[in-house]
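Remarks on the overall topology
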Amino acid sequence: MWLIGARGSVATTAVAGCAAVTAGLHPPTGMVTETPPFAECGLPTLSSLVFGGHDTVECPLPKRAEQLAAGGVLPHGVPSAVRSELAAADAEIRMGGPRPGDTDADGRSDEELIASFADDITDFVRRRGLARAVVVNVASTEPLPPDGGGRLPASSLYAAAALRAGCPYVNFTPSTGLHHPALAAAAASSGLPYAGRDGKTGQTLLRSVLGPMFAQRALAVRAWSGTNLLGGGDGASLADPAAAAAKNAGKERVLADTLGTAPEGEVHIDDVPSLGDWKTAWDHIAFDGFLGARMVLQTTWQGCDSALAAPLILDLARLLARSHELGLTGPSPSLGFYFKDPDPGSSSSLGEQYAALVAFAERLKGAGA
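Described below are features of the structure shown in this document. (Residues numbered from 1 in each chain as written. Predicted model: local features only at pLDDT ≥ 70, side-chain atom pairs only at ≥ 80, totals over all residues. Heavy atoms only, no water.)

Description of the pairing of strand β10 (residues 294-304)
- Pairing between strand β9 (residues 278-288) and β10: 11 bridges, direction antiparallel. Among the inter-strand pairings, Thr280 is bridged to a residue of β10, identified as Gln302.
- Counted along the chain from β9 to the antiparallel partner β10, the turn is five residues long, and its residue Leu291 has a positive phi close to 60 degrees. (Pairing = 2+ DSSP bridges. Helix = DSSP H or I, 4+ residues; strand = E, 2+ residues; numbered from the N terminus.)

Concerning the sheet that holds strand β3 (residues 93-95)
- Across the sheet, seven strands lie side by side as β3-β2-β1-β4-β5-β6-β11; this open sheet has parallel pairing. The strands lining the two open edges of the sheet, one partner per strand, are β3 and β11 (330-331).
- Across the sheet, helix α5 (residues 110-128) is in contact with β1 (2-4), β2 (52-55), β3 and β4 (135-137); its angle to β2 comes to roughly 160 degrees. (Contact = heavy atoms within 4.5 Å. Axes fitted to C-alpha atoms, helices over the stretch in contact; angles between N-to-C directions.)

What about the pattern of salt bridges?
- Counting across every chain of the model gives 19 salt bridges.
- Asp90 serves as the salt-bridge partner of Arg7, at 2.8 Å between the closest nitrogen and oxygen. Of this pair, Arg7 sits in the loop between β1 and α1 (9-22) while Asp90 is found in helix α4 (residues 83-90), placing the two residues 83 residues apart along the sequence.
- By relative accessible area, which is 12% here, Arg7 ends up buried.
- By relative accessible area, which is 14% here, Asp90 ends up buried.
- Arg253 is paired through a salt bridge with Asp341; the nearest N and O atoms lie 3.6 Å apart. Of this pair, Arg253 sits in helix α10 (residues 241-259) while Asp341 sits in the loop between β11 and α12 (350-368), placing them 88 residues apart in sequence.
- Its relative accessible area of 13% is what places Asp341 among the buried residues.
- Each of Glu92, Arg94, Asp123, Arg126, Arg127 and Arg128 takes part in salt bridges that share partners, so that together they form one network. (Salt bridge = Lys/Arg side-chain N within 4 Å of Asp/Glu carboxyl O. Buried < 20%, exposed > 50% of the residue type's maximum accessible area, 1.4 Å probe, protein only.)

Focus on the packing of α1 against helix α2 (residues 61-70)
- α2 packs onto α1 with a crossing angle of 95 degrees between their chain directions and a minimal axis gap of 10 Å. The angle between the axes of α1 and α2 places the two elements in the roughly perpendicular class. Residues Ser9, Thr12 and Thr13 of α1 form the contact with α2, whose own contacting residues are Leu61, Arg64, Ala65 and Leu68.
- The class makeup of the residues in the contact of α1 with α2 is three nonpolar, three polar and one charged. (Parallel < 35°, antiparallel > 145°, perpendicular 65-115°, else oblique. Nonpolar A, V, L, I, M, F, W, Y, C, P; charged D, E, K, R; others polar.)

So, the packing of α2 against α4
- Taken N-terminus to C-terminus, the directions of α2 and α4 make an angle of 130 degrees; their axes are 8 Å apart at the nearest point. Looking at the two axes, α2 sits oblique to α4. For the pair α2 and α4, the contacting residues are Leu61, Pro62, Ala65 and Glu66 in the first and Arg83, Leu86, Ala87, Ala89 and Asp90 in the second.
- Grouping the constituent residues of the contact of α2 with α4 by class yields six nonpolar, no polar and three charged.

Some points on the side chain of Asp55
- Within the element layout of this structure, Asp55 appears in strand β2.
- Look at Asp55: it is buried, it has no salt bridge, and the nearest opposite charge is Arg7 at 6.1 Å.
- Setting aside chain neighbours within four positions, we find Asp55 in contact with Gly5, Ala6, Arg7, Gly8, Ile93, Arg94, Met95 and Gly96. (Lys, Arg positive; Asp, Glu negative; His and termini not counted.)

Observations concerning the packing of aromatic side chains
- Counted under the stated rule, the structure contains seven aromatic pairs.
- Relative to Tyr158, the ring of Phe117 lies with its centre 4.7 Å away and its plane at 25 degrees, an arrangement referred to as stacked. Of the two residues, Phe117 sits in helix α5 while Tyr158 sits in helix α6 (residues 154-164), which places them 41 residues apart along the sequence. Residues Phe117 and Tyr158 agree in their burial class; the two are buried.
- Ring pairs connect the aromatic residues Phe214, Trp224 and Phe287, which therefore count as one cluster. (Phe/Tyr/Trp six-rings, centres within 6.5 Å; stacked < 30°, edge-to-face > 60°.)

What to know about the nonpolar core
- Formed by 56 residues in total, the largest nonpolar core has its most connected members in Met1, Leu3, Phe51, Val136, Ile313, Leu335 and Tyr338.
- Taken together, the elements giving at least two residues each to this core come down to α1, α2, α4, α11 (305-325) and α12.
- Of the residues forming this core, the biggest block, 10 residues, is contributed by α11.
- For Val136, the residues in contact, after removing those within four places along its chain, are Met1, Trp2, Leu3, Ile4, Val170, Ile313 and Ala317.
- Residues Ile121, Ala162, Leu163 and Leu183 belong to the second largest nonpolar core, which totals 29 residues. (Core = buried A, V, L, I, M, F, W, Y, C linked by side-chain atoms within 4.5 Å.)

Notes on the sheet that holds β10
- Read from one edge to the other, the open sheet built from four strands follows the order β8-β7-β9-β10, with strand pairing classed as mixed. Since the sheet does not close on itself, it has two edges, and those belong to β8 (267-271) and β10, each with one partner. In this sheet, adjacent strand axes meet at a mean angle of 10 degrees when their direction is disregarded.
- Strand contacts of helix α8 (residues 203-216): β7 (220-230), β8, β9 and β10, with the helix running at about 170 degrees to β7, the strand carrying the most contacts.
- Set on the sheet, α11 makes contact with β7, β9 and β10; between it and β10 the angle comes to about 80 degrees.

Structure representation (structure tokens):
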């Protein structure tokens, strides 16, 4: 796994969690690929995964893991128990860029940055004797790029580097990544599998269950409003209205797709630094029942972003690695279960997405028979 944002909370939790599960210290809670439908799919084992990545920060993974344990994200004792695995992954992290707001990228052109990033990835694969690497973007959300011209955003530079290095690619963020028009031809001709945009871990996960419920029970949703309180790096980056707009687009799309129309209401995101890696999401749903009876459903979701996201990116890396091994190419609508903004051809209903994912697992089993 080559992680973009490799020293962030999600990446650190994934590396530490993979090592802890492999060592038998904790069960693989939250890993869908460790449930019975995915047995005998030929997925790479957790013990076979090797980690590296790009980041623009310098806090080493062992130190970052200690900080996460102090915040209650990682269990106490895990950072010390898997320190050698964290140190080994940290030794494979290379300096990325450009940082948000950078305009000259240290004087390097887009082409030079892409070539440098691709060289880092291919060198990692060669030195470690790996069968393949899956590039997974878990960096902080960036604003949507302006229309027309200009330089590629950082997420698209990394995505282009993944293609050039011959690696499957997962975008677990709302950032542009492979969705940039300048990369469309390269993605289509790459012969590589790639998946989604913006991981579905909390509020939108719940919406993808509740939206179909209202539609199936013929209950008319009049308004659906939400508020998110979160801290950490995501909270700071989403304090930028442009970045928040990129995040909210996926949340609103799920409602429009599952309800058949976009209800009145908005989602607000507030940065609360003291929350750290924890988030609270409220939804207020106004709906009509029989004979116009007016009713309300309110939900509260309190969770840890990193603990929710880390098992999912491990799942996705294993599924994309197996897809690549079998010669599957292009977008992966069967993996829509994991995303707010899935690839074309995926339903927005979680139940339908899960059924498609299980069917994909059966396809992998059949391919390996």
